[in-house]
Structure formats: C-alpha cells, structure tokens
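# A structural walkthrough
The chain contents come next:
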Amino acid sequence: MKRFLMKLHVGFMCAILRIFNLFYRVRREAMPGASKRLPKKSGTLVIANHTGLKDPVLTVCVLRSLKMRFLVAENAMDKKVTGPLLRSVGCMRIDRNICDLQAIKKCVKALCDGFALTVFPEGGIQTDQAIGTFKTGMILMAMQANVPIVPVYLAPGIRLWHRQRAMIGKPFYVKDFSKGKFATMAEMNEMAKALHDYEQQMQQALEETRRH
Amino acid sequence: MLDRLSVIFTQVMGDDFPVDRVSCDSRITSDLGLNSVSLLYLVLAIEEEFGVSFSNESISSFETVGDICRYLEKNATK
C-alpha cells in the first residue's frame, strides 16, 4: 500500500511538473562549483528566496526532482481547502509562533529518508527584491540530518508565460563552519550570514546573465 | 544534573558561554539569552543526552532551567 501511495505521489508530482513547466519554461543557470542535479543518494536541504506563492512549484521546476518536500507556515496549512492540497504534494507544517520541535524532527526525518526539503529561510514572502535576513533553523536541520544546503535564487517578478530564470548555487556543508563535531549557535549564525551573502551573489550573477 | 546541563549549554552556545550563570532559577530567554532556535538545539541535545522526548507543549512551558531539571527528573532514562 505504501509503495502504491508513493507511486501515486510521484505520478502526481510528475504531472504538476510538466504542467507548470509549460507556464514558466524555467531557464536554469549554475554558479561555479554548482551542479544542476541534486545528489541522488542523500537528502538535500534546498533554500530559496521567497517572493511569491508560486515559489515552491518553481523550485520543483528548477531542480526537476520529484522527491521533494516543502516546509509551509501554519497560516497556509491550516486552511480548509489549501491545507489538504498542500499536504497531498508533500508540504509539512511548521508553526512559527512556537518552538515547533515536532516539525523540525519531521524535517530531519525527511532529509534522512533522502528527500530534498525546500525551506524559505527569510521566514515569509518578501515584497521587495532585496533578500531578507536568513533564519538559522534551517542550519540546525541540515546539521541534525548531516546533509548539504543548496541555495537557489529565483528571479522575482516574472509573470505567467514569461520565461522564469533561476540560479543554482554550490552546496554548503555545516562541518565547514564548525570547529567541533557540532556547530555552536555562533557558527550557525555565521553560516546563515555566509548563505545570505552567497544568495546576493547569485542574484547579481543572474542579473549579469540577463544583460549578456 | 545541572552539571550535565551546563555541558550541553556549552555545546550549544559555545565555549564563551558563561556557564556559571546556569542555575535552577535562571530564566532561559531573559537571563541566558536563548532564542527559539537555540532552545530547539538545546532541547535536541538534551533528548540525546538524557534519553527523553519533549513535546511542543512541554517546551513552551519551560521558563527556567529548574523547569527543565524537574521534567528530566520525572522522565529521563539515562
């Protein structure tokens, strides 16, 4: 039964991917040292800037992976219509108003099971083109699951039927920022800042490719 | 138990963390300066060290280090 449900889930995601690719026709670029393919044998924590409701779908179109999960805030997941719909495509709920340990554990389990979990570390939709400050919870998840963090930059303000552009970044590893076996909070904050700065570089690099 | 918790605080917050400020009356956020992510990290480390499981409700009820100690006295397996 579990295998059947998994096949159904994969088929559903495949159909969504093909339909949305017709609308957005994503053009992907990769930063130096980055790969357009996610690791197959391990989970990955994908982080992306968040400028609109279509970003989770765009992330699937960019990474072309069906084994994906998304972390979605409680205000979207608790709605009567969108909640079940989001859960059916692999979204997991997190309550931003409390220390949601159970959500963190579910995310770590998904990563350990080999899924690519997409989170939006700014914590919400940004209305301007500037990249907001990154929260450090994502690094805690990546450290617990021992998986790389792959940044993705989605060009904002692209309308339907216009070609969506995206930049895929190189993977970051928590162990590169920690002196000991586990990173301290200060080291995690440093890594969050490094990821934020790299996301800004990706934004500039994508602008450069658009000009040329 | 407080000694073991102090080691965990150092693991989470770093060697610069003033461990002598950790006492049963220390308030987790205002006295020790932990935010939500550092509290989650602390709780995960405590779960591994003491063989205990926390629910979201129990975490939101912790205000002082003493609250954590009392919880561990009832539920710890290691």
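Structure: see above.
Let me sum up the structure you'll find in this document. Worth saying up front: this structure is predicted, and the values here are computed from it rather than measured. (Residues numbered from 1 in each chain as written. Chains lettered and ligands numbered in written order. Predicted model: local features only at pLDDT ≥ 70, side-chain atom pairs only at ≥ 80, totals over all residues. Heavy atoms only, no water.)

## Concerning the overall build of chain A
Keep this limit in mind: The numbering of helices and of strands both runs from the N terminus, where a helix is a DSSP run of H or I of at least 4 residues and a strand a run of E of at least 2. When we talk radius of gyration, it's over C-alpha atoms, and the globule rule is simply 2.2 Å times the number of residues to the 0.38. Contacts are assigned to residue pairs that have any heavy atoms within 4.5 Å of one another.
Each helix and strand in chain A was counted, giving seven helices and seven strands. When its helices and strands are written in sequence order, chain A yields α-β-β-α-β-α-α-β-α-β-α-β-β-α. In terms of overall size, chain A behaves like a compact globule, its C-alpha atoms giving a radius of gyration of 17 Å where 212 residues would be expected to give roughly 17 Å. Here the contacts in chain A between residues at least 6 apart in sequence split such that 70% fall between residues at least 24 apart.

## Regarding the overall build of chain B
Our working rule: Computed with the Shrake-Rupley method and a 1.4 Å probe, the accessible areas treat only the protein chains shown as cover for residues. Only four residue types enter the charge count: Lys and Arg as positive, Asp and Glu as negative, with His and the chain ends excluded. Here the site of a charge means NZ on Lys, CZ on Arg, CG on Asp, or CD on Glu.
Within chain B, the secondary structure is distributed over four helices and zero strands. Reading the secondary structure of chain B in the N-to-C direction produces α-α-α-α. On C-alpha atoms alone, chain B measures out to a radius of gyration of 11 Å, which is about the 12 Å that the 2.2 N^0.38 rule sets for 78 residues. Viewed in the frame of its principal axes, chain B has a C-alpha envelope of about 30 × 20 × 20 Å. For chain B, the proportion of contacts with a sequence separation of at least 24, taken over those separated by at least 6, is 59%. Looking at chain B as shown, the accessible area adds up to about 4,000 Å², and 45% of this sits on carbon and sulfur atoms. Side-chain charges of chain B comprise 6 positive and 13 negative groups, with the mean position of each set lying 5 Å from the other.

## Examining the interface of chain B and chain A
Our working rule: Here the quantity called buried area is the accessible surface, traced with a 1.4 Å probe, that two parts lose on coming together, added over both. Between Lys or Arg on one side and Asp or Glu on the other, a salt bridge is scored when a side-chain nitrogen of the former is within 4 Å of a carboxyl oxygen of the latter. Definition of a polar contact: a pair of N or O atoms within 3.5 Å, with one able to donate and the other able to accept a hydrogen when the atoms are protein atoms, and with sequence-neighbouring residues admitted only if both atoms are side-chain atoms. Amino acids are sorted into nonpolar (Ala, Val, Leu, Ile, Met, Phe, Trp, Tyr, Cys and Pro), charged (Asp, Glu, Lys and Arg) and polar (every other residue, Gly among them).
Contacts between the two partners involve 19 residues from chain B and, on the opposite side, 17 residues from chain A. In total, about 1,500 Å² of surface goes out of reach between chain B and chain A, with carbon and sulfur atoms giving 70% of it. Per-residue buried area on chain B facing chain A is highest for Tyr41, Leu44 and Asn56 of chain B; these three make up 40% of the total on that side. On the surface where chain B and chain A come into contact, there are one salt bridge. Taking the shortest distance from any N to any O, the salt bridge between Glu47 of chain B and Lys105 of chain A comes out at 2.9 Å. Taken together, chain B and chain A are joined by seven residue pairs in polar contact (both at pLDDT 80 or more). Elements with a minimum of two residues in the side of chain B that touches chain A: helix H1 (2-13), helix H2 (36-50) and helix H3 (56-61) of chain B. When residues in the side of chain B that touches chain A are grouped by element, the largest group, nine residues, is from H2 of chain B. Partitioning the side of chain B that touches chain A into residue classes produces ten nonpolar, eight polar and one charged.

## Observations concerning a nonpolar patch on the surface
Let me state the cut-off plainly: The residues that make up patches have over 30% relative accessible area and no salt bridge, and they are joined within 9 Å when like-charged or within 5 Å when they are Val, Leu, Ile, Met, Phe, Trp or Tyr.
Nonpolar side chains collect at one region of the surface, where Met1, Phe4, Leu5 and Leu8 of chain A lie side by side and expose about 480 Å² of accessible area between them. Looking at the secondary structure, you find Leu8 of chain A in helix H1 (residues 2-24).

## Notes on helix H2 (residues 55-63) of chain A
Residue and element names in this part refer to chain A. Note the following rule: Think of it in three bands: residues with accessible area under 20% of the maximum for their type are buried, residues over 50% are exposed, and the middle band is partly exposed, with areas taken using a 1.4 Å probe on protein chains only.
Taken across its nine residues, H2 has eight buried, putting it largely inside the fold. All buried positions along H2 are accounted for by Asp55, Pro56, Leu58, Thr59, Val60, Cys61, Val62 and Leu63. Of the residues flanking the end of H2, it is Arg64, one or two places downstream, whose phi is positive at about 55°.

## As for the pattern of salt bridges
Two side chains carrying opposite charge are able to pair once their charged atoms lie near each other. Evaluated as defined, the whole model comprises nine salt bridges over all chains. Ionic pairing is found between Lys193 of chain A and Asp197 of chain A, a salt bridge with its closest N-O pair at 3.1 Å. Of this pair, Lys193 of chain A and Asp197 of chain A both sit in helix H7 (residues 185-211), separated by four residues, roughly a single helical turn. Linking Glu49 of chain B and Arg4 of chain B is a salt bridge whose minimum nitrogen-to-oxygen distance equals 3.3 Å. Of this pair, Glu49 of chain B sits in helix H2 while Arg4 of chain B sits in helix H1, placing them 45 residues apart in sequence.

## Focus: the side chain of Thr118 of chain A
All names here are of chain A. Assignment of secondary structure puts Thr118 in strand E5 (residues 116-119). Classification of Thr118 as buried rests on a relative accessible area of 0%. Residue contacts for Thr118: discarding those within four places in its chain leaves Val46, Thr59, Met68, Arg69, Phe70 and Leu71.

## Here's the deal with the environment of Leu34 of chain B
Of note, Leu34 of chain B is situated in the loop between H1 and H2. Leu34 of chain B has contacts with Phe9, Met13, Ile28, Thr29, Leu39 and Leu42 of chain B, leaving out every residue within four places of it along the chain.

## Some thoughts on the sheet that holds strand E1 (residues 27-30) of chain A
All names here are of chain A. Heads up, the condition is: A pair of strands counts as paired when DSSP detects no fewer than two bridges linking them. Fitting a line to C-alpha atoms yields each axis, with helices limited to the stretch in contact; the angle taken between N-to-C directions then spans 0 to 180 degrees.
One open sheet holds the seven strands; their spatial order is E1-E7-E6-E2-E5-E3-E4, and the pairing between them is mixed. The two strands at the open ends of the sheet, each matched to only one other strand, are E1 and strand E4 (91-94). Within this sheet the neighbouring strands show an average axis-to-axis angle of 25°, counted without direction. The pairing of strand E2 (residues 44-48) with E5 spans four bridges and is parallel. If you follow Val46 over to E5, its bridge partner there is Thr118.

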